[in-house]
Structures are given as C-alpha cells and as structure tokens.
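Spelled out, the chains give:
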Amino acid sequence: MVVGGGLLAYVVFGDGEGDYQIAGTSVFSAPITMTIETSGTVEPLSTVQIGCEVTGKIIELTVDDDEPVRVGQVIARIDPELADAEHRQSQADYLKSKSAVAGAKLALAEQIANLPVMTKQALAKKQEAAAALTETEYQWKKIDEIYKEGAASEAEWVVRKSVWQRAEAALTGAEAVYETAVNNEEFAVQRARETVAQADATLELAEARRNFTSTRVERCTISSPIDGLVLKRYLDVGTTVVAAFQPPLLYLLAPSLDHMRVSAKVSESDISHIEVGQKARFTVEARQPVQFEGTIKHKHNQPDIVQNVVTYTVDLEVDNDARHTLIPGLSVNVEIECVFKPEVTQVSNAALRFKPPLTLEQRRALVDAVQWPPKPTVDASGEEAAYCSKAYGWRYDEESNSWTVVPLWVGVTDNINTEVLTGAQPGDTLIKRFIDQSDAGFSLKEAFKLASPDNRTL
C-alpha cells in the first residue's frame, strides 16, 4: 500500500501463523528547517555601574529600583565636608605658589636691572685703582732715583715703595671685583631664571592639586550618565562609603528594556552550526504565550567549561513587547534556525532508522551489494548540498517475500524528517515499521534479542 504525505499505512497479510503488519511512509516535498534548541538568559543590551569616587556619608539618594533616569539627573549626593576642606587647603597652596612665582619673577627683573650697574661700579673702581697705581709708581720711582743719589732717606724710600705696592694690590682686587660683576650678569641671571622655573613648576602642581580637589567636590554630586532605568540600588542614605582601591557601587543602570539580549549556551557539538545573522525564536509563558524573534549578533570563541562540559555563549538581540514581558534574568528556551529550505524532498527519520527482520549478516550483505549514486554537489535549489551523507531505506516485495535496499543521499534534518538529495522522489514509499504477528504470545527472549546491539546496527 502506498501512502502520501508521510502518513502511516498498515497492511495485514495472511491468517494464522503468517500474519504481519507493515507501516509505510511516503517521500514528500515540503519546507524543512534545521534548528538547535538550547537555553538562555535574558539580559539588557548593556549595563552601567554607578560608583562613588569620593569618601564620605551618603546624604541623598533620589531614585530607587525600577525608576527611570535621564542624562544629567542627580541621583545621589555625598557629604562634601571633607572634600571642601581639602579643596580650601589646595586653594591656599595655589595662591601661595602663585605669589612665589611673582616674587621670583620680580627678583629676576631686579637682577637684570641691577647687575649692569654693579658692573659699571666695579669698572670705575678698577679704573680708579689703576690711576692710583700710576701715581704711586711714579712717586716711588722718583724717590728711588733720589735715594740712589743719596739725597733721600731710606725710611722715605720704604714708605713710597709700600704705598706703590698697596696700590698695585688694590688694582688687582678691583680687577677681580670687576670680573665677578661681569660673570654675575650671566650666572646670577641664569640662577634667577631657574628660580622662576621652579616656582612655575610648584604653581602647576598646586593648580593640578586644586583642580583635583575641585573635581572631588563636584563628584560629591552624582548624576546619571545615560537615559535608562535603575535595575538595582545597592546602598541606603546614611551609609559611609570609602573610595579606596575599588569604588563602592551605588546603582546598576540599564539603557532601556525596549531592546534586550539573550545569552544562550550552545554545546560544543552544535556550535559549528551557528553563524552570525541566523534567526532565533523563543516563547515566554505569560498571560498569553508570547513568541519573540531575534537575530544572532555574536558568537563567542571563548568556551565555558563546567565539570568538563564545554559550552559556548551565543548572543542574540530581540525587541521587547509593549508590556516589557522580557525582564533581566528571565530563563528561556531558544530555538536557533540554522538552515531553512522552502521546498525540498524529504522523508520521515523513522524510515531511515528502520531495520528489517533479517539477521545482521543478511542486512549487511544487502547493503554492501548496493551501488550508491554519485554524491550530489547541489540541492534542489542549486545551493551547495550541505550536511550531505549516505543513508538508505527499505522496500518489501510481498510476492517474493524479499527486502530491497534503497540507497539515498540525505541532507539537513529537523529531527523528524530528513532532506533527500538523491535516491527517492515524492510519492515513493519506504518502510518504517514491520510487526510480525505470527506468534500470538509474548516472548521475553525474543524481546531481548530485538533490543540487542546487533539489531540496532547494520
């Protein structure tokens, strides 16, 4: 008996000991979808943790869980007493450093103005000492000539000579003072400039410190950085927070619940079938079951290994409904559409699993004798024949009481039916069940024999 559309048909032959039933299924044409089912968790597209960067007591929290917030809206305040005191101190240090810069610049200007005058004074003293030396030298030489002629006393000669020597020493000292004044015009000015540079650096540090403390005062008032929703408030008014190595958290915000993300765990055996852009769907049991559809946006390469079980995370984005049925943390069963073919030849998987009532050796001999057609490279739509593999079905000839192997090349499966690439056409019938009714009694021995591994293989 031939049955269309994959329906079941029973044929009963003989009476008495030779009775048996055959269930057949037809090869048919219909759309087929290969899917992967897994579980996932609903999450916001992103979350923002709002922390506290200053130390102090919380004096105000303006929003609570599940309340909307806007960009710039004040959501918390920290007591600014400590930050204000630190800022006033830094402001005083800044003013002190600013005054030091002004003093250093004034000293530099004074050096630049006074050093040339001091050099001129030293030059005048040098010239005066040179003139005095010329005069005393002339007087000593004159006394020296008179002394040699015996017209001057030795005491007078000694006095004139000592005056000349003192004038010579005074000139040497005046020359040294003049050279020092000349050097000071370069080096003293340079030292004054370095003092100004140091004062400027100190002022910059003081200004940076002042800006830092000013920022701390400003951050005693905490505003929302996004438009969104408060998912969680962590602390209460009156709590003292200490901003040390890790800022204490005040709020957890989400941008919006209009668009959500589902993080699904896919097994290592299925992850190779997942690609970005594939469709996915899941149903949430609410007052009325609501089905959501989304698109795979990201496939993580980093595995999650828990008790030697390897899974990979796949993210898909979905649009929430008007009632916001999807909320963070919700667990859902996700069905990912890996392959969809609008119209293909297919057959029930039961026909591909069927084993006729023959011994293992008989079935193997029949399968080995079959010649498979060439492996197809494209499917019915002209696309690449994905997941192409060998399979076979069975036909039964009632007249000769013989079984025939039908060689097949099959493609994708939806776990109920499988695409037939070559080997069968719509309308063909394959056997999916054979029940021998010749023995009216129940044999436990025969049941164990049918359940043995040999009867579950070729």
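Cut-offs applied
- Residues numbered from 1 in each chain as written.
- Predicted model: local features only at pLDDT ≥ 70, side-chain atom pairs only at ≥ 80, totals over all residues.
- Heavy atoms only, no water.
- Helix = DSSP H or I, 4+ residues; strand = E, 2+ residues; numbered from the N terminus.
- Rg over C-alpha atoms; globule rule 2.2 N^0.38 Å.
- Contact = heavy atoms within 4.5 Å.
- Areas by Shrake-Rupley, 256 points an atom, 1.4 Å probe, with all protein chains shown as cover.
- Lys, Arg positive; Asp, Glu negative; His and termini not counted.
- Charge placed at Lys NZ, Arg CZ, Asp CG, Glu CD.
- Buried < 20%, exposed > 50% of the residue type's maximum accessible area, 1.4 Å probe, protein only.
- Pairing = 2+ DSSP bridges.
- pLDDT = per-residue confidence, 0-100.
- Expected span 1.5 Å × (residues − 1).
- Bend = angle between axes of the 7 residues up to and from the residue.
- Core = buried A, V, L, I, M, F, W, Y, C linked by side-chain atoms within 4.5 Å.
- Phe/Tyr/Trp six-rings, centres within 6.5 Å; stacked < 30°, edge-to-face > 60°.
- Lys NZ or Arg CZ within 6 Å of the ring centre and 35° of its normal.
- Axes fitted to C-alpha atoms, helices over the stretch in contact; angles between N-to-C directions.
- Parallel < 35°, antiparallel > 145°, perpendicular 65-115°, else oblique.
- Salt bridge = Lys/Arg side-chain N within 4 Å of Asp/Glu carboxyl O.

As a further point, take the overall build of the chain. The number of helices and strands found in the chain is five helices and 21 strands. Relative to its length of 458 residues, the chain is extended, with a C-alpha radius of gyration of 51 Å against a globular reference of 23 Å. Sequence separation of 24 or more characterises 73% of the internal contacts of the chain that already satisfy a separation of 6 or more. Summing over all exposed atoms, the chain offers an accessible surface of approximately 27500 Å²; the carbon and sulfur share of this is 52%. Distance from the positive charge centre (45 side chains) to the negative charge centre (66 side chains) of the chain: 7 Å.

This paragraph deals with the pairing of strand S11 (residues 249-254). Judged by how many residues are buried, S11 sits mostly within the fold: five of six residues are covered. In this structure, strand S4 (residues 48-51) lies alongside S11, joined through four bridges in antiparallel fashion. Note that in S11 the partner of Ile50 across the bridge is Tyr251. Examined bridge by bridge, strand S9 (residues 228-233) and S11 share four bridges and lie antiparallel to one another. Pairing of Val230 across the sheet is with Leu253, part of S11.

We now examine the sheet that holds strand S8 (residues 221-223). With antiparallel pairing, the four strands of this open sheet are ordered in space as S8-S7-S5-S10. The open sheet is flanked by S8 and strand S10 (240-241), the only strands paired with a single partner. The pairing of strand S5 (residues 56-61) with strand S7 (residues 74-78) spans three bridges and is antiparallel. Residue pairing for S7: Glu60 is matched across the bridge by Arg77.

Moving on: the confidence of the model for the chain. Residues with a pLDDT of 70 or more make up 91% of the chain, whose mean pLDDT is 87. Note that residues 1-17 has pLDDT below 50 and, in this model, 47 contacts with residues that lie over four places away or in other chains.

On to helix H2 (residues 154-218), then. Its 65 residues give H2 an end-to-end C-alpha distance of 92 Å, which sits within 8% of 96 Å, the value for a rise of 1.5 Å per residue. At Asn184, H2 shows its strongest bend, of approximately 45°.

Right, let's talk about the nonpolar core for a bit. Counting residues in each nonpolar core, the largest one holds 29 residues, and the members touching the most others are Val262, Ile274, Phe282, Leu316, Leu326 and Val334. Those elements that provide at least two residues to this core are strand S3 (28-44), strand S12 (259-267), strand S13 (279-284), strand S14 (290-299), strand S16 (309-319) and strand S17 (331-348). When residues no more than four places from it in sequence are discounted, the contact partners of Phe282 are Val262, Val290, Gln291, Phe292, Leu316, Val318, Leu326, Val332, Asn333 and Val334. Counting 19 residues, the second largest nonpolar core, distinct from the first, contains Val63, Val241, Leu250 and Tyr251.

With that settled, the discussion passes to the packing of aromatic side chains. To describe a pair of aromatic rings, you give the distance between the ring centres and the angle between the ring planes. Per the counting criterion, the structure on display carries nine aromatic pairs. Note on Phe354 and Trp403: the rings are 5.7 Å apart at their centroids and 40° apart in plane angle, and the pair reads as tilted. Taken as a pair, Phe354 in the loop between helix H3 (349-353) and helix H4 (360-368) and Trp403 in strand S19 (residues 402-413) lie far apart in primary sequence, 49 residues in all. In this pair, the class of Phe354 matches that of Trp403, namely buried. Three or more aromatic residues joined by ring pairs form one cluster here, namely Trp140, Tyr147, Trp157 and Trp164. Across the ring face of Tyr94, the terminal group of Arg210 is positioned such that the distance to the ring centre comes to 4.1 Å.

Once that is clear, we can look at the environment of Ala167. By the element assignment, Ala167 lies in helix H2. In this structure, the C-alpha to C-alpha distance between Ala167 and Thr313, residues 146 residues apart in sequence, is 100 Å. With near-sequence residues (within four places) excluded, Ala167 lies in contact with Ala129, Ala132, Leu133 and Thr136.

Here the focus is the packing of helix H1 (residues 81-149) against H2. Where H1 contacts H2, the two axes come as close as 6 Å, and the packing angle between them is 170°. Judged on the interaxial angle alone, H2 and H1 are roughly antiparallel.

A word on the pattern of salt bridges. For the structure on display, the rule yields 14 salt bridges. We note a salt bridge from Lys148 to Asp144, for which the minimum N-O separation is 3.4 Å. With Lys148 and Asp144 both in helix H1 and four residues apart, the pair spans about one turn of that helix. One salt bridge in this structure joins Asp304 and Lys265, with 2.5 Å as the shortest N-O distance. You can see Asp304 sitting in strand S15 (residues 304-306) and its partner Lys265 sitting in strand S12, a full 39 residues away along the chain. Residue Lys265 is classed as partly exposed on the basis of its relative accessible area, which comes to 37%. A single salt-bridge network, built from bridges that share partners, covers Glu86, Arg209 and Arg216.

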